[in-house]
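Residue-level structure breakdown
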Amino acid sequence: MKFVCLGYYDDATMEGKTEAEMAGFMEECFAYDDELRRGGHFIGGEALQRAEGAVTLRMKGGQVDVTDGPFAETKEQIGGLLFLEARDLNHAIALMSKHPGVRFGPFEIRPANDEINALIKERDTAAGNT
């Protein structure tokens, strides 16, 4: 099964960290990602820029309304996505609970929607975007 793991962070957990400490933390994360790769579990991932650069789209009165920043009013922001292959949700939890990123914020683990993703792949193929 495929899972999308949304990694969150709170700026407060990073306050006071030196550049060397942050580089060391990132290396720990990359090293664990390498472990996931060796086990055939790492499908991919994307890091996101800070939430201050985000916009949120909503429909208001039949028009698209663009708001600066993320949708959620929370201290935790999505920092990145990790795409994971696991036997089931419990296996995904076991794999991600060892990820060093959990020290900086939670991971939300969701099964990928295979049915809709198959439709997306069909459209990509039809459009020549393979």
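Our subject is the structure that appears above.
Report follows, based on the coordinates. For clarity, every value in this text was computed on a predicted model and none was experimentally measured.

Tracing the backbone through its elements, the reader meets Ile78 in strand 5 (residues 76-85). Judged by relative accessible area, which is 32%, Ile78 ranks as partly exposed. In the structure, Ile78 is positioned 45 residues away from Arg123 in sequence and 28 Å away in space, judged by C-alpha atoms. With sequence-adjacent residues up to four places away left out, Ile78 is seen in contact with Leu6, Gly7, Tyr8, Tyr9 and Leu48.

A few words now on the packing of aromatic side chains. One pass over the structure, following the stated rule, counts 1 aromatic pair. Each ring, one from Phe25 and one from Phe104, has its centre 4.0 Å from the other, and the planes form 50 degrees; the classification is tilted. Here Phe25, found in helix 2 (residues 19-38), pairs with Phe104, found in the loop between helix 3 (89-96) and strand 6 (107-111); they are 79 residues apart in sequence, far enough to count as distant. Across the pair, Phe104 and Phe25 agree in class, each one buried. Here Arg37 stacks its cationic end above the ring of Phe42, 4.1 Å away from the centre of that ring.

Phe3, Cys5, Tyr32, Leu36, Phe42, Leu82, Leu84, Ala86, Ala92, Leu95 and Met96 form the largest nonpolar core, which has 11 residues in total. Secondary-structure elements contributing two or more residues to this core are strand 1 (2-10), helix 2, strand 5 and helix 3. Considering each element in turn, this core owes the most residues, 3 residues, to helix 3. Contacts of Cys5, omitting those with residues within four sequence positions, involve Gly80, Leu81, Leu82, Leu84, Met96, Phe107, Glu108 and Ile109.

Conventions used here
- Residues numbered from 1 in each chain as written.
- Predicted model: local features only at pLDDT ≥ 70, side-chain atom pairs only at ≥ 80, totals over all residues.
- Heavy atoms only, no water.
- Helix = DSSP H or I, 4+ residues; strand = E, 2+ residues; numbered from the N terminus.
- Buried < 20%, exposed > 50% of the residue type's maximum accessible area, 1.4 Å probe, protein only.
- Contact = heavy atoms within 4.5 Å.
- Phe/Tyr/Trp six-rings, centres within 6.5 Å; stacked < 30°, edge-to-face > 60°.
- Lys NZ or Arg CZ within 6 Å of the ring centre and 35° of its normal.
- Core = buried A, V, L, I, M, F, W, Y, C linked by side-chain atoms within 4.5 Å.

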